[in-house]
Amino acid sequence: MRILDLIIQTLLAGLALEAAVSRWLDHDVTFNFMGVQFLMGSWQMASSLVSLVRPGPLFKGKLVHFTAASLYLISLFAIPEVQTDIPAWYFIGPPWVLAAYYYLLTWKSVLVNRKQPTRFLPHTNF
C-alpha cells in the first residue's frame, strides 16, 4: 500500500509541475494548478489519516503532518472571517511545504531500508 501511495503522490507532483510550467506559459491555467494541489492534499490527508488509524513506520512524523494540515485547513476557514485580503502565497506556500514533508515521509517509509544488517552474509540482506 505504501508503494501505491508513493506512486500516486509522484504522479500528482508531476501533474502539479506540469501545471505550474503551463501557468507561466499561459496565465489562464491557474485553476489546473490549484486543482492538482487540492487532489494531492486530499490524497495525503486521507493517507495520513489511514496511517494514524493503523500505526506503522514514521507514525510521529505523520501525526505532525496531520496536525499541521488540519490547523492549516482550519485557518482557511477562520482567516476570511477576520481578514478579507489574504495574500496569494498563503494558498500555495503552506500546502506545498506540507506536501513535500509528507512526500519525504512516504519516500523514507518505502525506499529506505530499515533492516539492521546481520552477521550472516550482510551484503545480501538475509
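Structure first, text after, so check above.
Residues numbered from 1 in each chain as written. Predicted model: local features only at pLDDT ≥ 70, side-chain atom pairs only at ≥ 80, totals over all residues. Heavy atoms only, no water.

K.L.:
Would you explain a nonpolar patch on the surface in this entry?
P.N.:
Among the surface-exposed residues, I3, I7 and L11 lie close enough to one another that they form a single nonpolar patch of about 310 Å² accessible area. With respect to the helices, strands and loops of the structure, L11 is situated in helix α1 (residues 2–25). Judged by relative accessible area, L11 falls into the exposed class, the value being 57%. (Patch = residues over 30% accessible without salt bridge, like charges linked within 9 Å, V, L, I, M, F, W, Y side chains within 5 Å. Areas by Shrake-Rupley, 256 points an atom, 1.4 Å probe, with all protein chains shown as cover. Salt bridge = Lys/Arg side-chain N within 4 Å of Asp/Glu carboxyl O. Helix = DSSP H or I, 4+ residues; strand = E, 2+ residues; numbered from the N terminus. Buried < 20%, exposed > 50% of the residue type's maximum accessible area, 1.4 Å probe, protein only.)

K.L.:
Help me understand helix α4 (residues 89–111), please; the structure alone is not making it clear to me.
P.N.:
Residues lying three or four places apart along an α-helix face the same way, a consequence of the helix completing one turn every 3.6 residues. Taking 1.5 Å per residue, 23 residues should reach 33 Å; α4 reaches 32 Å between its end C-alpha atoms and fits that length. Among the residues of α4, those classed as buried are Y90, P95, L98, A99, Y102, L105, T106 and S109. (Expected span 1.5 Å × (residues − 1).)

K.L.:
Just checking my understanding: could you explain the packing of aromatic side chains for this structure?
P.N.:
Here a ring pair, both rings aromatic, is described through the centre-centre distance and the interplanar angle of the planes. Scanning all chains against the criterion turns up four aromatic pairs. Summarising the aromatic geometry, the rings of Y72 and Y90 are spaced 5.3 Å apart at their centres and angled 45° between planes, so their arrangement reads as tilted. Here Y90 lies in helix α4 and Y72 lies in helix α3 (residues 59–82), a separation of 18 residues in the sequence. What makes Y72 buried here is its relative accessible area of 11%. Among the residues examined, Y90 registers a relative accessible area of 16% and is labelled buried. Each ring, one from Y90 and one from F91, has its centre 6.4 Å from the other, and the planes form 80°; the classification is edge-to-face. Within the aromatic cluster, the residues linked to one another by ring pairs are Y72, W89, Y90 and F91. (Phe/Tyr/Trp six-rings, centres within 6.5 Å; stacked < 30°, edge-to-face > 60°.)

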